[in-house]
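# Results of the structural survey
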Amino acid sequence: MSAPPDGGAVDGPGGDAERLRRVAVATLEANWEHDHTVPSRTLYPHQWSWDSAFMAIGWAHLRPEYAWRELESLFRAQWADGRVPHIVFNPRLPVGAYFPGPEFWASERAEAAPTTATSGLVQPPVHALAAWLAYRRAPSDPARAALRRLYPRLVAQQRYLATRRDVGGAGLACVVHPWESGLDNSPAWDAPMAAVAADEAVMRAYRRHDTAHAPAAHRPTDLDYARYVTIVASYRDGGYRDAELARRHPFLVECPLFNAAAGAAEHALAAIAPLVDADPGPHRDRAARITEALVRRLYDPATGTFHPRDLRAGRLVPARTVLGLAPLILPDLPASQVTAVVAEACSARFSVARRMSRPLPSYDRTAPDFEPLRYWRGPSWMNINWLVRRGLLGHGRADLATGLGRSMAELVATAGCHEYFHPDTGAGLGSPAFGWTAALLLDLLADERAPAPAI
Ligand code: 2M8
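Residues numbered from 1 in each chain as written. Predicted model: local features only at pLDDT ≥ 70, side-chain atom pairs only at ≥ 80, totals over all residues. Heavy atoms only, no water.

## Things to note about the site of the ligand
Around the ligand there are 17 residues in total, and D51, Y98, G182, D184 and Y375 lie nearest to it. Side-chain polar atom of W48 to an oxygen atom of the ligand: 3.0 Å apart, as the coordinates give it. H86 has a polar side-chain atom sitting 2.9 Å from an oxygen atom of the ligand. In isolation the ligand has 410 Å² of accessible area, and contact with the protein removes 100% of it. When its residues are assigned to classes, the shell around the ligand shows 11 nonpolar, three polar and three charged. (Near = heavy atom within 4 Å. Polar contact = N/O pair within 3.5 Å; in protein donor to acceptor, adjacent residues only side chain to side chain. Areas by Shrake-Rupley, 256 points an atom, 1.4 Å probe, with all protein chains shown as cover. Nonpolar A, V, L, I, M, F, W, Y, C, P; charged D, E, K, R; others polar.)

## Concerning the packing of helix α2 (residues 49-59) against helix α16 (residues 435-449)
Direction vectors running N to C along α2 and α16 enclose 35°, while the axes themselves pass 7 Å from each other. When you trace α2 past α16, the crossing you get is left-handed. Here α2 contributes W50, D51, F54, M55, I57 and G58 to the contact with α16, which in turn contributes G435, W436, A439, L440, L442 and D443. Grouping the constituent residues of the contact of α2 with α16 by class yields eight nonpolar, two polar and two charged. (Axes fitted to C-alpha atoms, helices over the stretch in contact; angles between N-to-C directions. Helix = DSSP H or I, 4+ residues; strand = E, 2+ residues; numbered from the N terminus. Left-handed = near helix turned anticlockwise from the far one by under 90°. Contact = heavy atoms within 4.5 Å.)

## Description of the sheet that holds strand β5 (residues 253-254)
With respect to topology, three strands assemble into an open sheet ordered β5-β8-β9, the strand pairing being antiparallel. Looking at which strands have only one partner, the edges of the open sheet turn out to be β5 and β9 (315-316). Pairing geometry for strand β8 (residues 309-310) and β9, over two bridges, is antiparallel. In the strand pairing of β9, D310 is matched with R315. (Pairing = 2+ DSSP bridges.)

## A few points about the pattern of salt bridges
Note that side chains of opposite charge can pair when their charged atoms are close. What the rule picks out here adds up to 27 salt bridges. Ionic pairing is found between R83 and D242, a salt bridge with its closest N-O pair at 3.6 Å. Of the two residues, R83 is situated in the loop between α3 (64-76) and β4 (87-88) and D242 in the loop between α9 (222-237) and α10 (245-248); the sequence distance between them amounts to 159 residues. Using a relative accessible area of 2% as the deciding quantity, one classes R83 as buried. Note on D242: relative accessible area 9%, which makes it buried. Ionic pairing is found between D222 and R208, a salt bridge with its closest N-O pair at 2.8 Å. Of the two residues, D222 sits in helix α9 while R208 sits in the loop between α8 (190-194) and α9, which places them 14 residues apart along the sequence. Judged by its relative accessible area of 37%, D222 is partly exposed. (Salt bridge = Lys/Arg side-chain N within 4 Å of Asp/Glu carboxyl O. Buried < 20%, exposed > 50% of the residue type's maximum accessible area, 1.4 Å probe, protein only.)

## Let's talk about the packing of helix α5 (residues 127-137) against helix α6 (residues 141-163)
Two elements in contact, α5 and α6, have axes whose closest approach is 10 Å; the angle formed by their N-to-C orientations is 165°. Relative to α6, α5 is oriented roughly antiparallel. When the axes of α5 and α6 are compared, the crossing they make is left-handed. Facing α5, whose interface residues are H127, A128, A131 and Y135, α6 presents A143, R144, L147, L154 and Q157. (Parallel < 35°, antiparallel > 145°, perpendicular 65-115°, else oblique.)

## Quick notes on unusual backbone geometry
The bulk of non-glycine residues show a negative phi, and the bulk of peptide bonds are trans. Here F99 and P100 are connected by a cis peptide whose omega angle stands at -5°. Structurally, the position occupied by P100 is in the loop between β4 and α4 (102-105).

## Some details on the nonpolar core
W68, L257, I384, W386, L392, W436 and L441 are the most contacted members of the largest nonpolar core, which has 146 residues in total. When residues of this core are assigned to their parent elements, the largest contribution, 10 residues, is made by helix α11 (residues 256-272). Apart from the residues lying within four places of it in its own chain, the contact partners of W68 are A131, A134, Y135, A143, A146, L147 and L150. With five residues, the next largest nonpolar core counts V317, Y363, A367 and F370 among its residues. (Core = buried A, V, L, I, M, F, W, Y, C linked by side-chain atoms within 4.5 Å.)

## Topic: the packing of aromatic side chains
As enumerated under the stated definition, the model contains 31 aromatic pairs in all. Taking the centre distance of 6.3 Å and the plane angle of 20° together, the rings of W132 and Y135 count as stacked. With W132 and Y135 both in helix α5, this residue pair falls three residues apart, about one helical turn. For W132, a relative accessible area of 12% translates into the label buried. A ring pair is formed by Y235 and Y240, whose centres lie 5.3 Å apart and whose planes are at 90°; its orientation type is edge-to-face. Just as Y235 is buried, Y240 falls in that class too. Between R63 and the ring centre of Y66, over which it is positioned, the NZ or CZ distance is 5.1 Å. (Phe/Tyr/Trp six-rings, centres within 6.5 Å; stacked < 30°, edge-to-face > 60°. Lys NZ or Arg CZ within 6 Å of the ring centre and 35° of its normal.)

## Describing helix α15 (residues 398-415)
With 18 residues, α15 should reach 26 Å at 1.5 Å per residue; the first-to-last C-alpha distance of 25 Å fits that figure. The buried count for α15 comes to 13 of 18 residues, which makes it a mostly enclosed element. Taken from the residues just after α15, G416 is the one with a positive phi, measuring 95°. (Expected span 1.5 Å × (residues − 1).)

## Topic: the environment of E180
Mapped onto the fold, E180 is located in helix α7 (residues 178-181). Sequence spacing of E180 and V122 is 58 residues, and the spatial spacing of their C-alpha atoms is 5.3 Å. Apart from the residues within four sequence positions on either side, E180 is in contact with L121, V122, Q123, P124, R165, C174, V175 and F258. Side-chain polar atoms of E180 contact the side chain of R165, separated by 2.7 Å.

What follows is the structure, encoded as structure tokens:
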């Protein structure tokens, strides 16, 4: 698909948008698995938490009932303490279908875990936003009934993060593993990960599944994996309990994307509350507190962007990654931070513009360690671009959101529904039939036809 010269919508007279939509629909349908959508049949054959939220946003355009089945199947695996696990394992799959599998996580040994095998980590809480967007896209009585069932679970998810995960005591949740951020090997985690003592030899005891399906040069390294399993083992061996994390856990970071998602969740819950006869007031108060804490703890006026805070080292991580742009999704982000973060997005580091040839990379493209092929260390990802586009729209930058949206659609039109993309050439990387790429493309195409209001 070539860019419309007049800056018009992607669904021009050539019908490209319809072709693109069909590709997305076929991908989503092919990844549907009895009550959820797999991110990828090969690389990630189970149910992932934030992937499911993005899938629900896509299904709302196609089969709204699947959006609710998707979210409800995920929340059936919610732990008694409120955590929503980042992987729900499909018991029908053979051992070895994914590493680390259920035998490594051993969730059955943890007090708060459900009977279904899950991981013990969480992922960015984008689910309340997904539920709200799915409802708004296709309101109906069954949708409202599903919202009513989900609401207390979404509230419990937020409570878990706001209480047990507020390790720094400053009103932000911390992630206890890079996998919780969703941006597994982002350069944002290099400094805190370097402090995790791990021996690469640990991996001799395991067989990585990812490098059988994707080139090793596009994936995290063996040393990354040695640290990933070391951190999980430490958490798991303490029963995945959060008490005393500050004293004993090797990786504790306040992430701007994770906390922006938690803030956006409170805004979404405030919108949902009246539909389920609940009070939106407390959600608005919590949303305001999260935004205030994000600005106070994670914004650096010297760089004009947000950075993760490494709680063990007691400092902000200097790397400028796309995580720093995520607070744009907060409708109440103060104007001075909006201006600064939009400037960061438009800088040579991320190159957002009214006319842009490629979507945002995941990392500062001017950094010496920018790696255009390696997973979250450079490639472009649809979910992050989708979030930033929403943020730009919400802050009155439809001009930039249009440029970004068009570059996203063109990328997928050329390369297909890949997991991630080379940020310069646009070549498709990772899994070729990836769920959230398809789901969010459907949302983008619908939004181009009839823009939805912010939250
Ligand atoms: C990737 O993460 C998993 C571990 O959770 C992996 O690398 O095996 C990340 O891209 C994550 O954000 C995503 O949710 C998951 C499934 O798509 O894959």
